[in-house]
Amino acid sequence: MIIFGTRGYLYQLAVLTLVCGWCGNPAAHTLRKRVTKFTLFFVPLFPFSTKFATQCTFCGGEQQIPKEQAEQLLAQHMAAQQGNPFGQAPGQGQGHPGYAPGGPGRNPYQN
Ligand SMILES: [Zn+2]
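Presented here is an overview of the structure given in this document. (Residues numbered from 1 in each chain as written. Predicted model: local features only at pLDDT ≥ 70, side-chain atom pairs only at ≥ 80, totals over all residues. Heavy atoms only, no water.)

### Points about the coordination of the zinc ion
Part 1 of the reasoning: Around the zinc ion, the protein supplies Cys20 (SG), Cys23 (SG), Cys56 (SG) and Cys59 (SG) as donor atoms, at distances of 2.3 to 2.4 Å.
Part 2 of the reasoning: In this structure, the zinc ion is surrounded by four donor atoms whose angles at the metal cover 104 to 118 degrees, and the resulting shape is tetrahedral.
Part 3 of the reasoning: In the primary structure, the donors to the zinc ion are separated according to the pattern C-x2-C-x32-C-x2-C. Here the residue Cys20 occupies a position in the loop between β1 (4-19) and β2 (26-40), and Cys56 occupies one in strand β3 (residues 43-56), the gap between them amounting to 36 residues. Each member of the pair, Cys20 together with Cys56, is buried. (Donors = N, O, S within 2.8 Å, 3.2 Å for Na, K, Ca; no water. Tetrahedral: all angles 85-135°; square planar, octahedral: opposite > 155°, others 65-115°. Helix = DSSP H or I, 4+ residues; strand = E, 2+ residues; numbered from the N terminus. Buried < 20%, exposed > 50% of the residue type's maximum accessible area, 1.4 Å probe, protein only.)

### A look at helix α1 (residues 67-81)
Part 1 of the reasoning: Taking 1.5 Å as the rise per residue, α1 with 15 residues should run 21 Å; its terminal C-alpha atoms sit 21 Å apart, in good agreement.
Part 2 of the reasoning: Buried within α1 are the following residues: Gln69, Ala70, Leu73, His77 and Ala79.
Part 3 of the reasoning: In the core, the buried residues of α1 are packed alongside β1, β2, β3 and β4 (62-65). (Expected span 1.5 Å × (residues − 1). Contact = heavy atoms within 4.5 Å.)

### Some words on the side chain of Gln55
Part 1 of the reasoning: Along the chain, Gln55 falls in strand β3.
Part 2 of the reasoning: A polar contact of 2.8 Å, which involves the side chain of Gln55, links it to the side chain of Arg32.
Part 3 of the reasoning: Setting aside chain neighbours within four positions, we find Gln55 in contact with Ala28, His29, Thr30, Arg32, Gly60, Gly61 and Glu62. (Polar contact = N/O pair within 3.5 Å; in protein donor to acceptor, adjacent residues only side chain to side chain.)

Right under this line is the structure:
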């Protein structure tokens with residue numbers, strides 16, 4: 001008898017201050033990575049799904065984001081932590097969260 005299944009792992013990558021797409025507050029968001037691994041006899045073998053999401057600590061709203069956006073947010077976060085003056089260029093990284101509840105990658109300020 002072969003026992004196989006999946007197992008999810010949750011990693012918290014960073015805490016970012018973003019304008020929430022749900023409640024509209026500039027609140028701390030946790031950036032999370034969820035990895036789903038294929039398991040055989042309860043031993044995780046390899047990951048077959050990696051998803052990224054942000055969760056607002058103010059309202060608890062969670063938003064799935066594409067990997068590219070997660071890496072971008074993480075890069076901005078690293079730049080800000082190192083005090084890099086180029087990490088927060090005017091008109092970038094502030095003013096809008098870059099995502100909307102309507103779906104990943106959509107700009108809520110378009111249309
Ligand atoms: Zn919120």
